[in-house]
Amino acid sequence: MGWGGYDRDRTGQFPRSRTPPRHAGVGPPVSAVLGMETPAWLVALRLWWKRRQSLGARGERWAAAHYRRAGATQLAMNWRAGADEIDLVMLEGKVLVFVEVKTRTAAFGGHGHAAVDARKRTALRRAARAWLREIGGAPHWRFDIVEVLVCIDGSVRILQHRGEPLFGPRRF
């Protein structure tokens with residue numbers, strides 16, 4: 001049989017002639033198979049992406065430390081409900097705080113607050129509702145947005161937007 005063809009009639013199994021699909025990260029990179037060098041821009045893009053992901057995780061840890069210094073208790077970090085995620089869930093006294101963390105570098109700044117668009121707000125609301133259902137509700141809760149700015153000299157600035165009205169009526 002040809003590529004992808006089945007010879008179930010003879011063996012009752014899938015064909016041996018079909019190669020299994022490649023999974024990400026398994027085997028040599030395509031450029032090595034084709035005998036080509038990986039372009040420099042692609043290498044730079046991969047490094048940038050890794051740094052960006054690790055920068056976001058560091059920003060979440062810095063934001064959690066900021067809340068803990070202020071006397072809050074950390075209940076969860078990167079809590080997921082399906083595809084939706086809450087970066088931090090903190091408890092300040094009797095107020096449950098859902099925190100969205102936006103980390104930026106000075107070189108690629110911008111307002112992290114503006115990055116929380118309507119789609120992200122909807123996802124945060126869904127995740128918060130799932131958290132509240134799981135714990136049986138909470139009388140007082142709020143949403144915060146924390147912007148973490150990593151400056152060129154290595155210093156970190158944290159800007160906290162408490163009780164964001166963009167998420168609907170305040171509940172505290």
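(A) Fine view of a nonpolar patch on the surface. On the surface, Trp41, Leu45 and Trp48 cluster together into a nonpolar patch covering about 350 Å² of accessible area. Relative to the helices and strands, Trp41 is located in helix H3 (residues 40-69). You can call Trp41 exposed: its relative accessible area is 59%.

(B) Local environment of the pattern of salt bridges. This model, assessed by the stated rule, comprises five salt bridges. The shortest N-O distance in the salt bridge between Arg142 and Glu92 comes to 2.7 Å. Taken together, the residues Arg142 in strand S4 (residues 141-150) and Glu92 in strand S2 (residues 84-92) connect sequence positions 50 residues apart. Judged by its relative accessible area of 5%, Arg142 is buried. Across the pair Asp144 and Arg142 runs a salt bridge, and its minimum N-O distance is 2.9 Å. As far as the burial class goes, Asp144 and Arg142 line up, both buried. Salt bridges sharing common partners tie together Glu92, Arg142 and Asp144.

(C) Quick look at the environment of Lys102. Positionally, Lys102 belongs in strand S3 (residues 95-105). A distance of 3.4 Å separates a polar atom in the side chain of Lys102 from a polar atom in the side chain of Glu100.

(D) Region of interest: the packing of aromatic side chains. Under the counting rule described, the total for this entry stands at four aromatic pairs. Consider the rings of Trp79 and Trp131, whose centres lie 5.1 Å apart with planes at 90°: the pair is edge-to-face. Here Trp79 is found in strand S1 (residues 73-81), whereas its partner Trp131 is found in helix H4 (residues 118-135), with 52 residues between them in sequence. Comparing Trp79 with Trp131, the two get one shared label, buried. An angle of 35° between the planes, with centres 5.6 Å apart, marks the rings of Phe98 and Phe143 as tilted. With Phe98 in strand S3 and Phe143 in strand S4, this pair connects stretches of sequence that are 45 residues apart. Comparing Phe98 with Phe143, the two get one shared label, buried. Each residue in the set Phe98, Trp141 and Phe143 is aromatic and connected to the rest through ring pairs, giving one cluster.

(E) Spotlight on the nonpolar core. Judged by nonpolar contacts, the single largest core of 16 residues is most densely connected at Ile86, Val89, Leu96, Phe98 and Trp131. Of all elements in the fold, only S1, S2, S3, H4 and S4 reach the threshold of two or more residues within this core. The contacts of Trp131, once residues within four sequence positions are left out, are Leu75, Ala76, Trp79, Val89, Leu96 and Phe98. Core analysis: the second largest hydrophobic core is formed by 12 residues, Tyr67, Val95, Val101 and Val148 among them.

Rules behind the numbers
- Residues numbered from 1 in each chain as written.
- Predicted model: local features only at pLDDT ≥ 70, side-chain atom pairs only at ≥ 80, totals over all residues.
- Heavy atoms only, no water.
- Patch = residues over 30% accessible without salt bridge, like charges linked within 9 Å, V, L, I, M, F, W, Y side chains within 5 Å.
- Areas by Shrake-Rupley, 256 points an atom, 1.4 Å probe, with all protein chains shown as cover.
- Salt bridge = Lys/Arg side-chain N within 4 Å of Asp/Glu carboxyl O.
- Helix = DSSP H or I, 4+ residues; strand = E, 2+ residues; numbered from the N terminus.
- Buried < 20%, exposed > 50% of the residue type's maximum accessible area, 1.4 Å probe, protein only.
- Polar contact = N/O pair within 3.5 Å; in protein donor to acceptor, adjacent residues only side chain to side chain.
- Phe/Tyr/Trp six-rings, centres within 6.5 Å; stacked < 30°, edge-to-face > 60°.
- Core = buried A, V, L, I, M, F, W, Y, C linked by side-chain atoms within 4.5 Å.
- Contact = heavy atoms within 4.5 Å.

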